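Summary of structural features
Each chain, written out:
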Amino acid sequence: MLEVTDIIDRVQAYQPAADSALIRRAYDYSAEAHQGQKRKSGDPYFVHPASVAGIITELRLDTASVCAGLLHDVVEDTLATTHDIENAFGSEIASLVDGVTKLGKINFTSKEDRQAENFRKMVVAMARDIRVLLIKLCDRVDNMRTLEHMKPEAQERIARETMEIYAPLANRLGIQAFKSELEDLSFRWLEPDSYALVKNAVQTTKKERDRYIVEVTKTLSSRLAEQGFAADVSGRAKHLYSVWRKMKANDCAIEQIHDIIAFRVQVETVSDCYAALGVIHSKWTPVPGRFKDYIALPKPNMYQSLHTTVIGPGRERIEIQIRTHEMHRVAERGIAAHWKYKERNGGGVAESDAQRFGWLRQLMEWQKDLKDPAEFLEGVKVDLFQDEVYVFTPKGEVRVFPRGSTPIDFAFAIHSQIGEHITGARVNGKLEPLRYRLRNGDVLEVVTNPAQQPNKDWLDFVVTTRARARIRNYLRQEQRDKSLKLGRELLEREFARASVSLTKLLKNDSELRKVLETVNVQNVDELFIGIGYGKIDPRDVLEVLAPPSVDGAKSIPPEELREGRLAGFVRKIKGDDGGIRLSGINDVLVRYAKCCNPLPGDDILGFITRGRGLTIHRRGCPKAFDTDPERRVEITWDSKAKINRAVQLRVITANRPGILATVGHTFSQMGINISEANCRASDDGKAINTFTFVCLDLSQLKNVMRALQKVQGVVVVERT
């Protein structure tokens, strides 16, 4: 176990002015609080917070972070409270401890909800202070190192959470050492057979590989020294999970993985990086398509290097990374390398570096938008996924997205309004559909249309959490608006029967309050929405205002709420075409039943459907009689209605040559364009033809039918 003197020495090595007394007090406080507690391994529990503090010193964080690491489990696992921590160590340390404390006192419906809500809480805290996440990562690293003492089901659960959340977070923060270690430790418990296979294979070739590394390192060093470069060259085998991913991706055995060894060249300046690349390529043949310039185009986590794969000694493929010493420091410690200590304001990063961590602010926004914790966590997994594509705006700005993203993801990343109205995108000058998958180097220009709106089909192929959240919010709001409108219509209809004025009710505060309290809603909109969703019966609302009498006599509403004009007045429905007139209801969404395809001029009947507005049937339609009589309404066509509706006619003719051409010509003479025709011959010498076409009204349809009946050889003309 790390002693307090070891921790203090480590901190003062990089922060000489560190408050050693404060660290000692936090060490003693935590040791006393955890007195008597044991870990699964049987070791004293305090071994864990001491180890976490030691890992924090590897990131060279400040005194407050080290103290928070020592105290991070005190609130969760002992009787101490956050208030106690604040009184003893100040608000800064208490805030850090609270950020990493799990929600132990809240009941959740499932472990998944608890995990998601814990993560949501950490996101809120780390958006205020990035040290919260750094401490949490150090905590997770130590827990994963001692995972063998847990039960198998706990091992798998914790390892999966680490692989899906914490390893990608370490990658996002640029801490490559943590990322690799967390991946390997998770791999060990999630895929034990594969882990053993890869580990044994790597161990078997270790001596041979070490000799090869020495040979290549010596050759590289001497070659660069000849050209005047002061370069540090080192080599290593790639970590186990990385090797296994290559095996899976290429569907091959480990013997067929050639670039299992990576070499790192550290030089003084950026220009030296490119010059060293030239020296290496002149020595060994580069593999086409395997060069990546992360110096000119850094990764979002601030990682910079030149990557090239060459055919080295023995015809072996080797990967070489070329970077400056400063780039290497950032690659190993990520955001912690840019962390600045602020005397008054606690911890943070420099403003220029903070801009590169915009994804932290995005996480904060998403946790506000997505109320469902499981949905939020699932979205975070996607956006932290390490495989990324780099695309450009027309102005040359670089945008980074998860692999598989689409123009819709790109549009929502720019602005919500652009995302909502996107119709397509010009990719490298060529118009592409919304389902197009972005590729590295694409230049995107979004094409929008004010009439375009998001639809639920987009959710099938968008990738980023921001886009999914915005689309879902729009669809929910749209459904809410429809339900609100329908609920108002249903209530107006119920009120019209009893000669009650909805307008007067909305102006009468006392009566309205009585209604809202009775049906247990907060406001009028919630009342209408509840009715629209079918959760509230409009008759229950009416009974609040006009309770049924005990003797069975007709109930009478209060005088001040009665309709001042004749019930049954006619208003024009503001549907898509304004072609229907309906008693007592306004602003209804109109649908025409496909079973009978009503036309202006037909005798029609309306049926109010929850969530779908008013459905129009022909009065003789069998399905109209199957509807709930309580929801049927009397309607008529508006005299000015101009509606083009698709209808079908069945035309039975003699089966002889030329008859179909004659029938088609008759349609043409009547100014009708046939959109679909289905023709077949029957065994009795007749032909059965079904024609679909657009018709203005019943009068036009009758004229067409009369004209067809006059054609020689036509036996029957009937509407389907």
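First, a word on scope: everything that follows refers to the structure included in this document. Along each chain, residues carry numbers from 1 onward, in the same order as the chain's sequence is written. The predicted origin of the model limits local features to residues at a pLDDT of at least 70 and limits the giving and counting of side-chain atom pairs to 80 or more, whereas totals for whole chains, interfaces and linings rest on all residues. As a rule here, side-chain values cover all heavy atoms of the structure and leave hydrogens and water aside.

**Some words on the pattern of salt bridges**
Here is the rule: Think of a salt bridge as a Lys or Arg side-chain nitrogen and an Asp or Glu carboxyl oxygen that are within 4 Å of each other. Secondary structure follows DSSP: runs of H or I at least 4 residues long count as helices, runs of E at least 2 residues long count as strands, and numbering of each begins at the N terminus. Relative accessible area decides the class of each residue, using a 1.4 Å probe on protein chains only: under 20% of the type maximum gives buried, over 50% gives exposed, and in between gives partly exposed.
Taken as a whole and assessed by the stated rule, the structure comprises 18 salt bridges. The shortest N-O distance in the salt bridge between Glu 161 and Arg 140 comes to 2.6 Å. Taken together, the residues Glu 161 in helix 10 (residues 152-172) and Arg 140 in helix 9 (residues 131-145) connect sequence positions 21 residues apart. A relative accessible area of 7% places Arg 140 in the buried class. With its nearest N and O atoms 3.9 Å apart, the salt bridge here joins Arg 399 to Glu 397. Residues joined in a network through salt bridges with shared partners are Asp 62, Glu 92 and Arg 131.

**Points about the packing of helix 11 (residues 176-190) against helix 14 (residues 240-250)**
What counts here: Axis geometry follows a simple rule: fit a line to the C-alpha atoms, using only the stretch in contact for helices, then measure angles between N-to-C directions, giving values from 0 to 180 degrees. In these notes the angle categories are as follows: under 35 degrees is roughly parallel, over 145 is roughly antiparallel, 65 to 115 is roughly perpendicular, and the rest is oblique. Should any heavy atoms of two residues lie within 4.5 Å, those residues are considered in contact. Only Asp, Glu, Lys and Arg are considered charged in this grouping, and only Ala, Val, Leu, Ile, Met, Phe, Trp, Tyr, Cys and Pro are considered nonpolar; every other residue, Gly among them, is considered polar.
The contact between helix 11 and helix 14 brings their axes to 8 Å, and the two run at 65 degrees. Of the possible angle classes, the one that applies to helix 11 and helix 14 is roughly perpendicular. Mapping the contact onto sequence places Glu 183, Asp 184 and Phe 187 in helix 11 and Leu 240, Tyr 241 and Trp 244 in helix 14. Residue composition of the contact of helix 11 with helix 14, grouped by class: four nonpolar, no polar and two charged.

**As for the packing of aromatic side chains**
Definition in use: Under the pairing criterion, centres of Phe, Tyr and Trp rings, with the six-membered ring standing for Trp, must be within 6.5 Å; the plane angle then separates stacked pairs below 30 degrees from edge-to-face pairs above 60, leaving the rest tilted. Here, a charge over a ring is recorded when the distance from Lys NZ or Arg CZ to the ring centre is within 6 Å and its angle to the ring normal is within 35 degrees.
Per the stated rule, a full pass over the model turns up 10 aromatic pairs. Between Tyr 294 and Tyr 303, the ring centres sit 6.1 Å apart and the planes meet at 70 degrees, which makes this aromatic pair edge-to-face. Relative to Phe 410, the ring of Phe 401 has its centre 5.9 Å away and its plane inclined at 45 degrees; by these criteria the two rings are tilted. Just as Phe 401 is buried, Phe 410 falls in that class too. Three or more aromatic residues joined by ring pairs make a cluster, and in this case those are Phe 187, Tyr 195, Tyr 241 and Trp 244. Its guanidinium or amino end placed over the ring of Tyr 45, Arg 39 lies 6.0 Å from that ring's centre, counting from NZ or CZ.

**With respect to the sheet that holds strand 11 (residues 422-427)**
To keep things clear, this is the line we draw: Here the rule is simple: two strands pair whenever DSSP picks up at least two bridges between them.
If you trace the three strands from one edge of the open sheet to the other, you get 12-11-13, paired in antiparallel fashion. One side of each edge strand has no neighbouring strand; the edge strands of this open sheet are strand 12 (430-432) and strand 13 (444-448). The sheet shows a mean angle of 30 degrees between the axes of neighbouring strands, taken without regard to direction. Bridge count for strand 11 against strand 13 is five bridges, and the pairing is antiparallel. Bridge pairing links Gly 424 to Val 447 in strand 13.

**A word on the state of the cysteines**
Basically, it comes down to this: Sulfur atoms of two cysteines make up a disulfide when they are within 2.5 Å.
Tallied over the full model, the rule gives zero disulfides. Free cysteine: Cys 621, not disulfide-bonded; nearest cysteine sulfur from Cys 595 at 3.5 Å. The class of Cys 621 is buried, set by a relative accessible area of 5%.

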